[in-house]
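Survey of secondary and tertiary structure
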Amino acid sequence: MNKLALSDEILMTIDKPARYIGNETNMVVKDTKAVDIRFCMCFPDVYEIGMSHLGIQILYDMFNRREDTYCERVYSPWPDLDKIMREKHIPLFALESQEPIKNFDFLGITLQYEMCYTNVLQILDLSGIPLLAKDRTEDDPFVLGGGPCVYNPEPLADFFDFFYIGEGETVYNQLLDIYKEHKAKGGSRKEYLEKIAEIEGIYVPSFYDVHYKEDGTIESFTKINSHAKEKIKKQVEMKLENTYYPKKPLVPYIRATQDRVVLEIQRGCIRGCRFCQAGMVYRPVRERSMDFLKEYATEMLKATGHEEISLSSLSSSDFSGLQELVYFLIEECNKQKVNISLPSLRIDAFALDVMNKVQDVRKSSLTFAPEAGTQRLRDVINKGLTEESILNGAMQAFNGGWNRVKLYFMLGLPTETEDDIEGIAVLSDRIAREYYTIPKDQRNGKVGITASTSFFVPKPFTPFQWSRMDTAEEYLNKQHFLRSKFNEQLNKKSIKYNWHEAELSVLEGVFARGDRKVAAALMAAYKEGCLFDSWTEFFDNKKWVKAFADTNIDINFYTSRERDEEEVLPWDFIDAGVTKKFLLREYKNAKEEKITPNCKLSCTNCGAMEFGGGICFLPRTEEVNA
């Protein structure tokens with residue numbers, strides 16, 4: 001074991017020192033002097049959350065299969081350690097070798113949500129890496145970003161050397177091969193960036209210039225380096241059965257947020273919900289093979305000792321082999337007393353026999369996401385759910401023995417009315433009423449409904465990317481109105497209402513659709529002390545308001561303004577597969593309350609077919625001409 005970067009004295013004074021000592025089960029150990037490339041993978045949040053992230057586990061396994069590369073990890077130091085590191089000038093270090101991040105060749109940061117952006121600056125700051133990419137020298141690591149937030153990387157453009165747009169399995173090896181050769185020849189930082197700028201999926205922000213109109217919108221986005229591409233094309237792994245996946249995932253010593261084996265069964269989603277960025281940018285739908293899933297499930301359970309296995313996907317019910325896989329897992333899990341978790345199940349497609357099989361092992365909680373309270377609004381967002389199917393699905397669950405249901409809704413969806421908001425309370429009550437139609441002697445105690453609302457945040461590459469977003473005041477008014485409607489329901493004592501922070505959602509909205517200008521506010525907020533903003537106990541809206549005021553950036557310009565169809569959007573230079581023409585057509589369909597069939601029923605020519613595989617090439621029941 002390497003000498004720890006933190007002394008015993010420090011470890012004894014901070015919360016959960018296991019966050020910082022590494023050496024977990026299945027951790028990769030290599031001789032740092034025997035490799036050519038040092039890569040540090042970063043999740044910019046606390047260890048327990050970062051260790052739950054599947055993408056890092058996949059890339060960690062993939063990179064470390066290379067003999068010439070050592071991939072290590074770093075997570076955001078919790079505020080107690082952050083304070084000590086600054087006071088004692090301790091540089092941020094990687095868990096495996098306990099060596100400073102600044103010694104590495106690459107610092108790869110996954111960007112999973114906008115409210116971790118100040119933590120990105122914390123990582124750079126504590127590492128001793130200049131916050132701005134333009135200030136870095138030949139001695140600094142290359143800082144690269146990936147993950148869903150890079151579908152609009154512009155708010156972070158000043159802080160990153162380059163971004164990787166798409167799924168990691170495709171061109172990372174090419175990036176590393178080029179770097180190995182570049183390092184051996186002693187090339188400059190700029191020369192490496194110019195080489196990789198020619199690779200599909202790689203975006204080097206410093207090779208582009210942005211000009212703005214007087215009204216603040218973008219006038220032009222142009223490349224200023226001949227090696228840069230006009231369009232950055234999203235990278236997609238089309239052969240999921242032949243690609244990387246860890247058979248021995250890392251197992252932490254302390255409880256992670258998701259303390260279980262995660263088995264990714266497919267990527268993409270057929271549904272086309274108009275608010276969902278993941279459902280758009282991860283197209284086309286691609287399934288892993290049954291042989292692959294059975295083999296990896298068995299191997300991972302053996303290698304980890306976890307007591308639960310979870311199937312990961314945007315919509316597990318749409319996986320064609322779900323029942324066969326679940327039956328197989330039930331048999332395997334029965335032998336080992338392991339629980340099965342089936343998240344992302346749609347209430348209309350929920351199979352009763354699968355539910356019954358799962359509860360034979362150990363019953364899990366049941367979660368549904370109607371998203372909207374009325375049929376009109378569910379049609380606007382293209383949820384593809386009727387109230388009848390929701391109630392039937394809930395009743396099937398109740399008959400299967402469940403009595404606790406979690407429901408997720410959004411407030412502030414485009415075209416929302418008071419009737420739609422009230423519909424959330426009414427639908428929750430109707431579900432509770434369904435439960436009490438079961439004879440008393442056959443019920444499993446009292447029903448418990450937890451209804452949660454988040455606030456709608458328009459995201460890039462969705463049909464709602466042009467939509468205005470409610471202000472914090474509007475959100476709070478809607479939340480108060482809904483609370484009053486819950487109190488009017490017959491089963492109000494069986495219904496618990498939770499809600500999300502409005503001010504936090506507004507900030508998320510700024511950075512989701514922001515341009516390069518908002519980087520100034522981000523930097524100012526960090527200097528004001530903003531950190532761990534997605535954590536309620538640390539979020540300080542006053543500091544954020546001051547940061548925007550000090551940098552003369554108008555929050556409402558980025559949130560509560562409907563975009564014109566002709567406006568140049570900050571992310572227009574990215575080719576994510578789905579075309580702007582398709583998204584605009586879907587935006588108009590939403591306003592007309594018209595639903596669009598899912599990918600299994602028909603092809604709507606969204607643009608994802610250009611990737612040459614997946615569901616786009618399977619038979620349909622009808623074709624739609626665009």
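Residues numbered from 1 in each chain as written. Predicted model: local features only at pLDDT ≥ 70, side-chain atom pairs only at ≥ 80, totals over all residues. Heavy atoms only, no water.

1. A closer look at the sheet that holds strand β17 (residues 448–455)
Strands in a sheet are paired, the pairing made by backbone hydrogen bonds, and the direction either parallel or antiparallel. The criterion, for reference: Strands were regarded as paired on the criterion that DSSP finds at least two bridges between them. To qualify as a helix, a DSSP run of H or I must reach at least 4 residues; to qualify as a strand, a run of E must reach at least 2; elements of each kind are numbered from the N terminus. Only the stretch in contact is used when fitting a helix axis, every axis being a line fitted to C-alpha atoms; angles between N-to-C directions are given from 0 to 180 degrees. Two residues qualify as a contact provided that any one of their heavy atoms is within 4.5 Å of a heavy atom in the partner residue.
Strand order in this open sheet of four strands is β15-β16-β17-β18, and the pairing throughout is parallel. Here the strands that pair on one side only, and so sit at the sheet edges, are β15 (366–371) and β18 (495–499). Between one strand and the next, the sheet's axes are offset by a mean angle of 20°, whatever the strand orientation. Here β17 runs beside β18; their pairing, made up of five bridges, is parallel. Its bridge partner being in β18, isoleucine 449 is matched across the sheet by isoleucine 495. Against the sheet, helix α14 (residues 418–435) touches β15, β16 (404–411), β17 and β18, its axis set at about 170° to β16.

2. A short note on the environment of proline 130
Mapped onto the fold, proline 130 is located in the loop between α5 (117–127) and β4 (142–146). A C-alpha to C-alpha distance of 22 Å links proline 130 and serine 97, two positions 33 residues apart in sequence. Excluding residues that lie within four positions of it along the chain, proline 130 makes contacts with Asp135, Arg136 and Asp140.

3. Here's the deal with the domain arrangement of the protein
Which entries qualify depends on this criterion: Note that domain bounds follow an automatic or database assignment of domains. Summed over both partners, the accessible area (1.4 Å probe) lost when two parts come together is defined as the buried area. Counted as salt bridges are all cases of a side-chain nitrogen of Lys or Arg within 4 Å of a carboxyl oxygen of Asp or Glu. Two N or O atoms form a polar contact when they lie within 3.5 Å of each other; inside protein one atom must be a possible hydrogen donor and the other a possible acceptor, and for residues adjacent in sequence the pair counts only when both atoms belong to side chains.
Segmenting the protein into domains produces domain 1 (8–233) and domain 2 (260–361 + 596–625). Counting residues at the interface gives nine residues for domain 1 and twelve residues for domain 2. Taken together, the two surfaces of domain 1 and domain 2 that pack against each other cover about 880 Å², and 47% of this comes from carbon and sulfur. Contact with domain 2 buries area across many residues of domain 1, yet Leu54, Tyr151 and Glu167 alone supply 51% of it, more than any other trio. Inspection of the region where domain 1 meets domain 2 yields four salt bridges. For arginine 267, the salt bridge is made with glutamate 169, and the minimal N-O distance between the two is 2.6 Å. Our enumeration of links across domain 1 and domain 2 arrives at five residue pairs in polar contact (both at pLDDT 80 or more).

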